[in-house]
Amino acid sequence: METVNYFKIGTIVNTHGIRGELKVKAITDFAEERFAKGATVYRLVDGKYLPEKIAKARMHKGMWLLTFDGVTNINEVEVYKGQELYVSEADRDELADGEYYYSDIVGCTVKDLEGQVIGRVKEIMETGANDVWVVKRPAGPDALIPVIEDVVKDVNVSEQTIVIDVLEGLLD
């Protein structure tokens, strides 16, 4: 049997209204595509990925409001609260050079130009202008690394390493 990999794209944080709408916090750069009407997402329940077809989707106060096919009542989706949403690897598009999926970056080891380990990427923050990688350091506070050309010099997804130029004040 072929193994299918799934990648987290959001979390169901609550229900919305009484018609079965779900409030979803997205963690994907491709939310418009992932949560489009007719798209398939997967809920992880008891170790199984259950497909859900999106009937309706809209943005509301920074969150996605989704309705799944066949769901018309809040009582049917109450149990979905707190569940994660995934996309299958087959549904992920090839990216251009210099573009990466969140799942490729989180967990990477970050080093400076001399090869000294700074830490590991633990999460990605979207700021509008550019993403910021939150790097857990062995000691001290987390480092905030702006994803800009002046700082990020090399990303090697297969080796899970990132090389950055530590500009003055960056790690203070």
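Look up a bit, the structure's there.
All values reported here derive from a predicted model rather than from experimental measurement.

**Quick notes on the overall build of the protein**
Inference 1: Check the secondary structure of the protein and you find 3 helices and 12 strands.
Inference 2: Counting every position in the protein, which comprises 172 residues, the buried fraction comes to 36%.
Inference 3: Taking as baseline every contact in the protein between residues at least 6 positions apart, the subset at least 24 positions apart corresponds to 47%.
Inference 4: Just so you have it, the protein exposes about 10,300 Å², and 48% of that area is on carbon and sulfur atoms.
Inference 5: The averaged location of the 31 negative side-chain charges in the protein is 10 Å from the averaged location of its 20 positive side-chain charges.

**Observations concerning the pattern of salt bridges**
Inference 1: Enumeration over the complete set of coordinates arrives at 6 salt bridges.
Inference 2: The partner of arginine 34 in a salt bridge is glutamate 33, and the shortest N-O contact between them spans 3.4 Å.
Inference 3: Since its relative accessible area comes to 6%, arginine 34 is described here as buried.
Inference 4: On the accessibility criterion, glutamate 33 (37% relative accessible area) is partly exposed.
Inference 5: The partner of lysine 81 in a salt bridge is glutamate 78, with the nearest N and O atoms 3.3 Å apart.
Inference 6: Overall, the relative accessible area of 32% leaves glutamate 78 in the partly exposed class.

**Description of the pairing of strand β1 (residues 6-16)**
Each regular strand displays side chains that alternate between the two surfaces of the sheet.
Inference 1: Two strands pair when backbone bridges link them, and β1 and strand β6 (residues 84-88) are joined in this way by 5 bridges, in the antiparallel orientation. Paired with phenylalanine 7 across the strands is valine 87, a residue of β6.
Inference 2: Here 6 bridges tie β1 to strand β2 (residues 21-26), and the two strands are oriented antiparallel to one another. For threonine 11, the partnering residue across the bridge sits in β2 and is lysine 25.
Inference 3: Hairpin connection, β1 to β2: the antiparallel pair is bridged by 4 residues, and glycine 17 has positive phi, about 70 degrees.

**Comments concerning the sheet that holds strand β11 (residues 152-156)**
Inference 1: Read across the open sheet, the 6 strands follow the order β10-β9-β8-β7-β12-β11; overall the sheet is mixed. One side of each edge strand has no neighbouring strand; the edge strands of this open sheet are β10 (143-146) and β11. Taken pair by pair, the neighbouring strands of this sheet meet at an average axis angle of 35 degrees, ignoring direction.
Inference 2: Two elements, strand β7 (residues 109-111) and strand β12 (residues 161-164), share 3 bridges in a ladder whose sense is parallel. Each bridged residue has a counterpart across the sheet, and for valine 110 the counterpart in β12 is isoleucine 162.

Scoring rules and cut-offs
Residues numbered from 1 in each chain as written. Predicted model: local features only at pLDDT ≥ 70, side-chain atom pairs only at ≥ 80, totals over all residues. Heavy atoms only, no water. Helix = DSSP H or I, 4+ residues; strand = E, 2+ residues; numbered from the N terminus. Buried < 20%, exposed > 50% of the residue type's maximum accessible area, 1.4 Å probe, protein only. Contact = heavy atoms within 4.5 Å. Areas by Shrake-Rupley, 256 points an atom, 1.4 Å probe, with all protein chains shown as cover. Lys, Arg positive; Asp, Glu negative; His and termini not counted. Charge placed at Lys NZ, Arg CZ, Asp CG, Glu CD. Salt bridge = Lys/Arg side-chain N within 4 Å of Asp/Glu carboxyl O. Pairing = 2+ DSSP bridges. Axes fitted to C-alpha atoms, helices over the stretch in contact; angles between N-to-C directions.

Shape descriptors only; they carry no functional weight alone.
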